[in-house]
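# Secondary and tertiary structure notes
Spelled out, the chains give:
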Amino acid sequence: MREEAYAGLKFLQRRGKAPISSFAFLAKHRKKHDSISFSRKRVTSHMLSMPQKNYLKRQQFISLRSRLSARLIIQQSRVFLHEAREEAAKQGVKEIGAAFLRLETFRDFDNIEADFGFFTEKPMRAHGPFQAGSLPAADYLQTNWRGSYERMRDVHIIAIQWANHMKLGIDSRRDEKGLHFGCLLNVFKVCSLSEPDPEKWETDILFRLKKSKPGDAVEPFVHALPPRLPT
């Protein structure tokens, strides 16, 4: 798998499918084949782990859903996650799990529908604006990003192109309302809730994969993301 991973990323680099101008392969990782670095002008490097196919067990959660612009995600996430944590505490949860953002629908960067919440140790009750339930067990494409959220768009694109190259079908569909993901998760293992330094943040990015049988043809994910919002 490690050899396939390295070959896959080199393939993307040659084909220009990944943002080659923003990352370089580090020689010290040539043997492990486990990460790539987004080189920056400052003396820091953001690290992205090799994407891998992983099976995730069922996860209980509580969340709030919002329609918003990408510009507001970081700002609003603090509000929504605080409210979700308080609701979990009211329902008797003593130990709360990792915070997450689940992207439901993507029309453009000004029109995003997403859930902000926490994984929990026990089933939760939906109450008022809060949603509760469980994410079913499934196969996911998973990668880990260490650093601030400035390059998250590039991270998602690399994971998508990796899935295409490895012939892994991402669970998604498109209609007149936009692009809908079966489950696209950003799990905040270390974030601003506990660590003020963005360089120390750590995020798992997970795309749920379509169920398939051996020999089934896999359609590539071809829904390209639009250009970044102007800053």
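First, a word on scope: everything that follows refers to the structure included in this document. Everything quoted here is computed from the prediction, not taken from an experiment. (Residues numbered from 1 in each chain as written. Predicted model: local features only at pLDDT ≥ 70, side-chain atom pairs only at ≥ 80, totals over all residues. Heavy atoms only, no water.)

### Digging into unusual backbone geometry
Peptide bonds are, in most cases, trans, and in most cases residues other than glycine have a negative phi. One non-glycine residue with positive phi stands out, namely Lys167, at about 60°. Structurally, Lys167 can be placed in the loop between helix H3 (152–165) and strand E9 (172–175). (Helix = DSSP H or I, 4+ residues; strand = E, 2+ residues; numbered from the N terminus.)

### What to know about the side chain of Gln142
Relative to the assigned elements, Gln142 resides in strand E8 (residues 138–146). Of the polar contacts made by the side chain of Gln142, one reaches the side chain of Asn54; its length is 3.1 Å. A distance of 3.4 Å separates polar atoms of two side chains, one belonging to Gln142 and the other to Asp204. In this structure Gln142 touches Met50, Pro51, Gln52, Asn54, Leu56, Asp204, Ile205 and Leu206, once residues within four positions along its chain are discounted. (Polar contact = N/O pair within 3.5 Å; in protein donor to acceptor, adjacent residues only side chain to side chain. Contact = heavy atoms within 4.5 Å.)

### Some details on helix H2 (residues 73–90)
Taking 1.5 Å as the rise per residue, H2 with 18 residues should run 26 Å; its terminal C-alpha atoms sit 25 Å apart, in good agreement. Buried within H2 are the following residues: Ser77, Phe80, Leu81, Ala84, Glu87 and Ala88. Taken end-on, H2 shows its buried residues confined to a sector of 125°, consistent with a single buried face. Positive phi shows up at Gly92, right after H2, with a value of about 90°. (Expected span 1.5 Å × (residues − 1). Buried < 20%, exposed > 50% of the residue type's maximum accessible area, 1.4 Å probe, protein only. Arc of directions from axis to C-beta.)

### Some remarks on the pairing of strand E10 (residues 178–190)
The element E10 is largely enclosed, with a buried count of ten among its 13 residues. The pairing of strand E5 (residues 96–108) with E10 spans seven bridges and is classified as antiparallel. Bridge pairing links Phe106 to Leu179 in E10. Pairing geometry for E9 and E10, over four bridges, is antiparallel. Its bridge partner lying in E10, Arg173 is registered against His180. A loop of two residues connects E9 with E10, the two strands running antiparallel in sequence. (Pairing = 2+ DSSP bridges.)

### Some thoughts on the nonpolar core
Core analysis: the biggest nonpolar cluster contains 40 residues, and Leu103, Phe116, Leu141, Ile170, Phe181 and Phe207 have the highest contact counts within it. Of all the secondary structure elements, the ones that give two or more residues to this core are strand E4 (59–68), H2, E5, strand E6 (111–120), E8, H3, E10 and strand E11 (202–208). For this core, the leading source of residues is H3, giving seven residues. Look past the residues within four positions of Ile170 in its chain and what remains in contact with it is Ile160, Ala163, Phe181, Phe207, Arg208, Leu209, Lys210 and Phe221. In this structure, Leu56, Phe61, Phe119 and Leu185 belong to the second largest nonpolar core, which totals eleven residues. (Core = buried A, V, L, I, M, F, W, Y, C linked by side-chain atoms within 4.5 Å.)

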